[in-house]
Amino acid sequence: MGTMRILDETGDTVLTWTPEDDDAVAAAAEAFDHQRRKRRLAFATKPGQAPDQAVALAAFDPTAETIYWVRPLVGG
Amino acid sequence: MPAYVVVEDLGGGRQLVEVTEGDLRGQTVVLTSTPSSRLRSLEALASDPLGVDAGFWDRIGPNWRGPDGRGPRPPRDPRVAGRRARSLLRSVLDERQRADYDLTGHFDVPTPYGVVRLGTLYHLGFTRSDGRRFRCCVVPRGMHGLPIDDIWVNLTLVLRADPDQFFAVANWHDVDPVHGGRPVRLGREQQRRSRR
């Protein structure tokens, strides 16, 4: 099962999908595109990978285990 | 005692419920546990709002609409958001980082350029690979409203996977003793030098 963790004021919003469920994959892909349009940054791990191995993700990957959505950085 | 009302029977032993008491009041969640364990599940949710480890519930998708036409609602209590963010942060830190954060409120993130210390907003420590120390300020864009631990998750993930982005936008303060130990904004110093 894949999980999307979208950082927000609630802590984060969690979306899940299973690669075999076409409807869930389509909904997750739509959520991915929505976040990309908001210029958020995605980092993803594959099954079995630790979070410190997360890499930048440019397009939705239904085989990802976890996709983290974060915001771009600015100098303070 | 946590309580809920059943909004919709989703089939397959899953029920959509709205929590009516406690920290999670107002949240709409899917319960997948057996009826006899649901109250215990709701109690567990208060201490583990993500419920990922428990595996008995999941958030519903962004397209779901209830009978009243409303979508899923986020937690209203910032304490709940803070706990969720803390849980997420702990899940992305390694063992040593977790221990450091629990003990000191700070943790280190190694990068190809040196080590960044997170834990004090607007005043991040950076020890360059040659040992020279700096303070820097980098934040997520539009961070207001985010729980503080979400900010550390944000910075940690970018530092690990795309450190160049972090250093490209960072504002720097030199804490080298040549400046009397006081932070000096490098940009201002360079301006002074250019006027000489």
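Residues numbered from 1 in each chain as written. Chains lettered and ligands numbered in written order. Predicted model: local features only at pLDDT ≥ 70, side-chain atom pairs only at ≥ 80, totals over all residues. Heavy atoms only, no water.

Undergrad: I keep staring at the overall build of chain A and nothing clicks. Help me out?
TA: When helices and strands are counted, chain A shows one helix and six strands. Taken from the N to the C terminus, the helices and strands of chain A come in the order β-β-α-β-β-β-β. Buried positions account for 50% of the 76 residues belonging to chain A. By sequence separation, contacts in chain A at least 24 residues apart represent 48% of the contacts at least 6 residues apart. (Helix = DSSP H or I, 4+ residues; strand = E, 2+ residues; numbered from the N terminus. Buried < 20%, exposed > 50% of the residue type's maximum accessible area, 1.4 Å probe, protein only. Contact = heavy atoms within 4.5 Å.)

Undergrad: Sorry if this is basic, but what is going on with the overall build of chain B here?
TA: In terms of helices and strands, chain B carries six helices and ten strands. Here chain B holds 196 residues, and the buried ones make up 42% of them. Here the contacts in chain B between residues at least 6 apart in sequence split such that 43% fall between residues at least 24 apart. Carbon and sulfur atoms make up 49% of the accessible area of chain B, which amounts to about 10400 Å² in all. (Areas by Shrake-Rupley, 256 points an atom, 1.4 Å probe, with all protein chains shown as cover.)

Undergrad: Would you mind going over the side chain of aspartate 12 of chain A with me for this structure?
TA: Along the polypeptide, aspartate 12 of chain A turns up in strand β2 (residues 11-17). Within the structure, the side chain of aspartate 12 of chain A is placed 2.6 Å from the side chain of arginine 5 of chain A, a separation counted as a polar contact. (Polar contact = N/O pair within 3.5 Å; in protein donor to acceptor, adjacent residues only side chain to side chain.)

Undergrad: Just checking my understanding: could you explain the pairing of strand β5 (residues 66-70) of chain A for this structure?
TA: As a general feature of sheets, a regular strand has side chains that alternate between the two faces. All names here are of chain A. Within β5, five of the five residues are buried, which leaves the element mostly enclosed by the surrounding structure. Of the two faces of β5, the one carrying Thr66, Tyr68 and Val70 and the one carrying Ile67 and Trp69 are both buried. The pairing of strand β1 (residues 2-8) with β5 spans four bridges and is parallel. Bridge pairing in β5 links methionine 4 to isoleucine 67. Of the strand pairs in this sheet, strand β3 (residues 41-45) and β5 are connected by five bridges, and their pairing is antiparallel. What sits directly across from phenylalanine 43, in β5, is tyrosine 68. (Pairing = 2+ DSSP bridges.)

Undergrad: Explanation requested: the interface of chain B and chain A in the structure shown.
TA: When the parts of a complex come together, some accessible area is lost, and that lost area is often used as the size of the interface. If you look at the interface, chain B gives 37 residues, while chain A gives 28 residues. Our enumeration of links across chain B and chain A arrives at one salt bridge. Across the pair aspartate 12 of chain A and arginine 84 of chain B runs a salt bridge, and its minimum N-O distance is 3.3 Å. Within the residue set of the side of chain B that touches chain A, elements represented by two or more residues are α2 (78-92), β8 (133-140), α4 (148-161) and α5 (163-169) of chain B. Counting residues per element, the side of chain B that touches chain A draws most heavily on α4 of chain B, at eight residues. A per-class count over the side of chain B that touches chain A returns 23 nonpolar, eight polar and six charged. One ladder, built from three bridges, connects strand β6 (residues 73-75) of chain A with β8 of chain B; its direction is antiparallel. Following the sheet pairing, leucine 73 of chain A is matched in β8 of chain B by proline 140 of chain B. (Salt bridge = Lys/Arg side-chain N within 4 Å of Asp/Glu carboxyl O. Nonpolar A, V, L, I, M, F, W, Y, C, P; charged D, E, K, R; others polar.)

Undergrad: In this structure, what is going on with the pattern of salt bridges? I would like to understand it.
TA: Pairing is possible between side chains that carry opposite charge, provided their charged atoms lie close to one another. What the rule picks out here adds up to seven salt bridges over all chains. The residue arginine 117 of chain B makes a salt bridge to aspartate 108 of chain B at a minimum N-O spacing of 2.7 Å. Of the residues examined, arginine 117 of chain B reaches a relative accessible area of 42% and is grouped as partly exposed. Counted as one network, the salt bridges with shared partners bring together Arg5 and Asp12 of chain A together with Arg84 of chain B.

Undergrad: Would you mind showing me how to read unusual backbone geometry here?
TA: Generally, phi is negative for residues other than glycine and the peptide bonds are trans, each holding for most cases. Phi is positive for arginine 39 of chain A, which is not a glycine, with a value near 65 degrees. Look at arginine 39 of chain A and you get exposed, because its relative accessible area is 65%. At tyrosine 122 of chain B, a residue that is not glycine, the phi angle is positive and equals roughly 70 degrees. Note on placement: tyrosine 122 of chain B falls in the loop between β6 (114-118) and β7 (124-128). Judged by relative accessible area, which is 43%, tyrosine 122 of chain B ranks as partly exposed.

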